[in-house]
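Chain residues, written in single-letter form:
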Amino acid sequence: MKYDLLPEFQKYSWIRLPTQPWLLRAANALMPVIQHGKKLDSRLQSEKVQIGDCTADLIQPKGSSTDALLIYYHGGAFLIKAAAYHKNLAQTYALEANCAVLFVDYRLAPKYKFPIPVIDCFQSYSWALEHLLFKKLVIGGDSAGADLAMSVMLLAREKRLRIPGAQMLIYPGAVCRSDTESMRKFTDTPMWNSVLNARALELYADKKGRNNPLFMPLLSESFEDFPAAYVETAEFDCLHDAGIEITERYRKDGINVTLNETRNTMHGYDIAQRSPYVQKQIEKRIRFLTQCFS
C-alpha cells in the first residue's frame, strides 16, 4: 500500500525494522556504522557512565552552568540499539535547549526480556536523582523509549521518588493494544507497522507479564501526579492512536498536554534529519524543553 508521505521520506519507504533474531544480531552489530552518524559536536562534552548493568552517555554543553537535565530513552522496539540519528538528536537537544542529556543504553530483548529494560531505565533515573543533582528535570523518549519513560514514571510514583518536571514522548505506543484503528489500518507502513509490532512484543515479553502496567503503561488506572507532557504522533503509524489515547488519558487526569500530530509522516520519520519539515518538528520539541527548563 502506498502512503502520502512527504517526498523527503520516500527514500526510507523500503525500510522495515527487523524482528527476526538473526537479523537483530546483525543490525545491532552494524548500528554504530550505519546512517553515517556525526561525531560529537565540538561545543559538547560526553562522558560514558556505568549504571548497574547498563551504560549511558552524559552529554553536556562545554563551559555551561546548566541546571537542567533530560533523561532520554531511545526507540527501537525494545530490540535494537540506538541509531546514529537518535544520538544526533540528543546532541541537538543538549545544544539548543542548553541542557545535559543522559542518553541511556538499556539492555535489549530478546536476550533481556521484560522487565529488564524497565529496570535498567529506572535504575538510570534513580542514579541521576542521586548523582547528578540537576534542579530541572525532564524525562523523554521515542517509540519504545517513550513507553519506557512512562514505566519509569509509574515506578517513581510508586516508590515516592521525585517526579520529573515534564515529559517528552515522541510517537509513543505505551506498548499499545492491537485493537485500535491505526493498528488495524497500518499493516504495511514503512519503518514500522502492526505486523512488526506484534512480532516485537512476542520477543519483548512473555504472556504472563503482559497484564503489568510496567509492561503496558496504558493499563495503569491513573496517571495522577504525572507532569506536563509533549506528545508527538506520526500520521501513517500503527502507534498513532496510542499517542492520542495517552493524550486523552492524561488530560482526563488533569495533566497539561501539548499534542503535535505530524502529517504525511511515518513512524521514525525524524530519521530524515535534513528535511525542513523534520527540522520544524524538532524546533517544537526544543521549544517545549526550553519552556520547561526556564
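Higher on the page you've got the structure.
Residues numbered from 1 in each chain as written. Predicted model: local features only at pLDDT ≥ 70, side-chain atom pairs only at ≥ 80, totals over all residues. Heavy atoms only, no water.

Visitor: Got a minute to help me understand the pairing of strand 5 (residues 136-142) in this structure?
Guide: Along any regular strand the residues' side chains alternate between the sheet's two faces. Taking burial as the measure, the seven residues of strand 5 include six buried ones, the bulk of the element. Relative to strand 5, strand 3 (residues 68-73) runs parallel, the two sharing six bridges. Its bridge partner lying in strand 5, Leu-70 is registered against Val-138. In this sheet, strand 6 (residues 166-170) lies alongside strand 5 in parallel orientation, the contact comprising five bridges. (Buried < 20%, exposed > 50% of the residue type's maximum accessible area, 1.4 Å probe, protein only. Helix = DSSP H or I, 4+ residues; strand = E, 2+ residues; numbered from the N terminus. Pairing = 2+ DSSP bridges.)

Visitor: Where do I start with the packing of helix 4 (residues 116-131) against helix 5 (residues 144-158) in this structure?
Guide: Any two packed helices are characterised by how steeply their axes cross, that is the angle between the axes, and by the distance between the axes. Running from N to C, helix 4 and helix 5 point in directions that differ by 65°, and their axes come no closer than 9 Å. For the pair helix 4 and helix 5, the sense of crossing is right-handed. Between helix 4 and helix 5, the residues in contact are Pro-117, Val-118, Cys-121, Phe-122 and Tyr-125 and Leu-148, Ser-151, Val-152, Leu-155 and Ala-156, respectively. Residues that form the contact of helix 4 with helix 5 fall into these classes: nine nonpolar, one polar and no charged. (Axes fitted to C-alpha atoms, helices over the stretch in contact; angles between N-to-C directions. Left-handed = near helix turned anticlockwise from the far one by under 90°. Contact = heavy atoms within 4.5 Å. Nonpolar A, V, L, I, M, F, W, Y, C, P; charged D, E, K, R; others polar.)

Visitor: Help me understand the packing of aromatic side chains in this model?
Guide: Any two aromatic rings considered together are summarised by their centre-to-centre distance and by the angle between their planes. Within this structure, the stated rule accounts for 15 aromatic pairs. Between Tyr-3 and Phe-186, the ring centres sit 5.8 Å apart and the planes meet at 65°, which makes this aromatic pair edge-to-face. One end of the pair, Tyr-3, is in the segment before helix 1 (7-10); the other, Phe-186, is in the loop between helix 6 (181-185) and helix 7 (194-204), and 183 residues separate them in sequence. Relative to Phe-215, the ring of Phe-114 lies with its centre 5.6 Å away and its plane at 70°, an arrangement referred to as edge-to-face. (Phe/Tyr/Trp six-rings, centres within 6.5 Å; stacked < 30°, edge-to-face > 60°.)

Visitor: Hey, could you run me through the nonpolar core in this one?
Guide: Nonpolar side chains tend toward joint burial in soluble globular proteins. Counting residues in each nonpolar core, the largest one holds 109 residues, and the members touching the most others are Leu-69, Ile-71, Tyr-73, Val-101, Leu-102 and Tyr-250. A per-element tally of this core places helix 5 first, with ten residues. With sequence-adjacent residues up to four places away left out, Tyr-250 is seen in contact with Met-150, Met-153, Gln-167, Leu-169, Phe-223, Phe-226, Ala-229, Ile-255 and Val-257. (Core = buried A, V, L, I, M, F, W, Y, C linked by side-chain atoms within 4.5 Å.)

Visitor: Just to check I follow, could you spell out the state of the cysteines for this structure?
Guide: Each disulfide consists of a covalent bond between the sulfur atoms of two cysteine residues. All chains considered together, the criterion is met by zero disulfides. No disulfide involves Cys-54; its nearest neighbouring cysteine sulfur is the one of Cys-121, lying 7.1 Å away. (Disulfide = S-S within 2.5 Å.)

Visitor: Explain the environment of Ala-272 here, please?
Guide: Inspection of the secondary structure assignment puts Ala-272 in the loop between strand 8 (257-261) and helix 9 (276-293). Judged by its relative accessible area of 5%, Ala-272 is buried. Not counting chain neighbours up to four residues away, the residues in contact with Ala-272 comprise Glu-8, Phe-9, Tyr-12 and Val-278.

Visitor: For this particular structure, what's the right way to read the pattern of salt bridges?
Guide: Opposite charge on two side chains lets them pair, provided their charged atoms get close. A full pass over the atoms with the stated rule returns nine salt bridges. Close ionic contact of Lys-48 with Asp-57 constitutes a salt bridge, the shortest N to O distance being 2.9 Å. The class of Asp-57 is buried, set by a relative accessible area of 14%. Put simply, Arg-285 and Glu-232 hold a salt bridge, and the shortest N to O gap is 2.7 Å. (Salt bridge = Lys/Arg side-chain N within 4 Å of Asp/Glu carboxyl O.)

Visitor: Would you mind showing me how to read the side chain of Ser-275 here?
Guide: Locating Ser-275 in the fold gives a position in the loop between strand 8 and helix 9. Of the residues examined, Ser-275 reaches a relative accessible area of 4% and is grouped as buried. Here Tyr-277 takes part through its backbone nitrogen, which lies 3.2 Å from a polar atom of the side chain of Ser-275. Apart from residues no more than four positions distant in its own chain, Ser-275 is found in contact with Glu-8 and Phe-9. (Polar contact = N/O pair within 3.5 Å; in protein donor to acceptor, adjacent residues only side chain to side chain.)

Visitor: Where do I start with helix 4 in this structure?
Guide: Because an α-helix packs 3.6 residues into every turn, residues spaced three or four apart end up facing the same way. The first and last C-alpha atoms of helix 4 sit 22 Å apart over 16 residues, in line with the 22 Å expected at 1.5 Å per residue. Along helix 4, the positions that sit buried rather than exposed are Pro-117, Val-118, Asp-120, Cys-121, Phe-122, Ser-124, Tyr-125, Trp-127 and Ala-128. Leu-133 occupies a position one or two residues after helix 4 and carries a positive phi of about 55°. (Expected span 1.5 Å × (residues − 1).)

Visitor: What am I meant to see in unusual backbone geometry here?
Guide: Where the residue is not glycine, phi is negative for most of them; where a peptide bond is considered, it is trans in most cases. The omega angle of the peptide bond from Ala-109 to Pro-110 is 5°, so this bond is cis rather than trans. One can find Pro-110 in the loop between strand 4 (100-105) and helix 4. Here the amide bond leading from Phe-114 into Pro-115 is cis, since omega sits at 10°, within 30 degrees of zero. Even without being a glycine, Ser-143 presents a positive backbone phi close to 55°. In this structure, Ser-143 sits in the loop between strand 5 and helix 5. Of note, Asp-225 is a non-glycine position whose phi angle comes to about 80°, a positive value. Checked against the element boundaries, Asp-225 lands in the loop between helix 7 and strand 7 (228-233). By relative accessible area, Asp-225 is classed as exposed at 53%.

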